[in-house]
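# Summary of the model geometry
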Amino acid sequence: MISFSAFSTDNGKMATAHDRAVLQAIFNPTTPFGDIPGLNQEEELIDDDSGFDTELLKQVKELEMRGVSAAEAGDLQAALQLFSQAIQILPQRASAYNNRAQALRLQGNTAGALGDLDRAISLSGSTGRTACQALVQRGLLRRLACQSDEARADFEKAAALGSEFARQQAVLLNPYAALCNKMLSEVINKLRNPEVSENL
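Parameters and conventions
Residues numbered from 1 in each chain as written. Predicted model: local features only at pLDDT ≥ 70, side-chain atom pairs only at ≥ 80, totals over all residues. Heavy atoms only, no water. Helix = DSSP H or I, 4+ residues; strand = E, 2+ residues; numbered from the N terminus. Expected span 1.5 Å × (residues − 1). Buried < 20%, exposed > 50% of the residue type's maximum accessible area, 1.4 Å probe, protein only. Arc of directions from axis to C-beta. Contact = heavy atoms within 4.5 Å. Polar contact = N/O pair within 3.5 Å; in protein donor to acceptor, adjacent residues only side chain to side chain. Axes fitted to C-alpha atoms, helices over the stretch in contact; angles between N-to-C directions. Parallel < 35°, antiparallel > 145°, perpendicular 65-115°, else oblique. Left-handed = near helix turned anticlockwise from the far one by under 90°. Nonpolar A, V, L, I, M, F, W, Y, C, P; charged D, E, K, R; others polar. Salt bridge = Lys/Arg side-chain N within 4 Å of Asp/Glu carboxyl O. pLDDT = per-residue confidence, 0-100.

### As for helix α2 (residues 54–72)
An α-helix turns once every 3.6 residues. As a result, residues three or four positions apart point the same way. Compared with an ideal rise of 1.5 Å per residue, which puts 19 residues at 27 Å, α2 spans 27 Å between its outermost C-alpha atoms and is within 8% of the ideal. The complete set of buried residues in α2 reads L57, V60, L63, E64, G67, V68, A70 and A71. Projected down its long axis, α2 carries its buried residues within an arc of 160 degrees, all on one side. Away from its buried face, by an angle of more than 90 degrees, α2 presents the exposed residues T54, E55 and K58. Each element contacted by the buried residues of α2 is listed here: α3 (76–89) and α4 (95–106). Where α2 begins, one side-chain oxygen reaches toward the backbone nitrogen of E55, 3.0 Å away; that side chain belongs to D53.

Okay, structure coming up:
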């Protein structure tokens, strides 16, 4: 199973370097494996947690960190329970929904993951690190479901928040860019192989 985890933690990084490398190889096959320029540019974004009780926020962040660790260790059931506990404590905070979506997706529950991603994006007001990560994740799920227009819209929103990875995906999904790339490729191919193009 391909993993494109983007659990929200205080450091904002994707779950593992392997996950990022797999994504890079799939979606940008022309770049060297593991070379992921600007993928975590959204790290500079922060979520506005100022409206939450500090003790409850501390408790929720601890639950999320434990949930991320459990998920990365392969214990998705424990991760789901921890993320759900965090949601019960602070149901208006977006981060736990984004994290639970990743665990649900890893379990194969795409519909549940999409529901949590929708909630995370809504609660975040489409701003901040969690919104950026949730938009990228939802865009990837939509792309895998061949919903190119919806995926492109998500990637464009995440790109506007600073995600270079999302910007690259939006360009790849742009039908005009795809047509231009195809035409450019044909022209270059004719220039490289003039005798082949004459025989066609």
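### Describing α4
Here α4 is twelve residues long and its end C-alpha atoms lie 17 Å apart, about the 16 Å a rise of 1.5 Å per residue gives. With twelve of twelve residues buried, α4 is to be regarded as a mostly interior element. For α4, every residue scored as buried is listed here: S95, A96, Y97, N98, N99, R100, A101, Q102, A103, L104, R105 and L106. Contacts made by the buried residues of α4 are with α2, α3, α5 (110–124) and α6 (128–144). Where α4 ends, the next residue or the one after it, G108, has phi of about 95 degrees, a positive value.

### Remarks on the packing of α4 against α5
Contact pair α4 / α5: the axes reach a minimum separation of 8 Å and the direction vectors enclose 165 degrees. If you check the angle between α4 and α5, you find them roughly antiparallel. Two packed elements cross with a definite hand, and for α4 against α5 that hand is left-handed. The residues of α5 that touch α4, namely those facing Y97, N98, R100, A101, Q102, L104 and R105, are G112, A113, D116, L117, R119, A120 and L123. Its residues assigned to classes, the contact of α4 with α5 comprises seven nonpolar, three polar and four charged.

### Focus: the environment of N174
Its location among the elements puts N174 in the loop between α8 (164–173) and α9 (175–192). In the structure, N174 is positioned 26 residues away from S148 in sequence and 8.8 Å away in space, judged by C-alpha atoms.

### Section: the environment of V60
Relative to the helices and strands, V60 is located in helix α2. What makes V60 buried here is its relative accessible area of 1%. Separated by 33 residues in the primary sequence, V60 and R93 have C-alpha atoms spaced 9.3 Å apart. For V60, the residues in contact, after removing those within four places along its chain, are A86, I89, L90 and R93.

### Brief notes about the pattern of salt bridges
Counted by the stated rule, this structure contains ten salt bridges. As a salt-bridge pair, D118 and R138 come within 2.7 Å of each other at their nearest N and O atoms. Of the two residues, D118 is situated in helix α5 and R138 in helix α6; the sequence distance between them amounts to 20 residues. When its relative accessible area of 36% is taken as the criterion, D118 is described as partly exposed. Members of the salt-bridge network, linked through shared partners, are D49, K61, E64 and R93.

### Describing the confidence of the model for the protein chain
Per-residue confidence for the protein chain gives a mean pLDDT of 80; residues scoring 70 or more make up 70%. Per-element mean pLDDT across the protein chain ranges from 51 in helix α1 (residues 17–27) up to 97 in α3. This stretch, residues 25–42, has a pLDDT under 50; its non-local contacts, to residues over four places away or in other chains, come to 41 contacts.

### A few points about unusual backbone geometry
One non-glycine residue, S126, adopts positive backbone phi at about 60 degrees. You can see S126 is positioned in the loop between α5 and α6. A relative accessible area of 33% places S126 in the partly exposed class. A positive phi is found at C146, a non-glycine position, where the angle reads about 60 degrees. Take C146: it is sitting in the loop between α6 and α7 (148–160).

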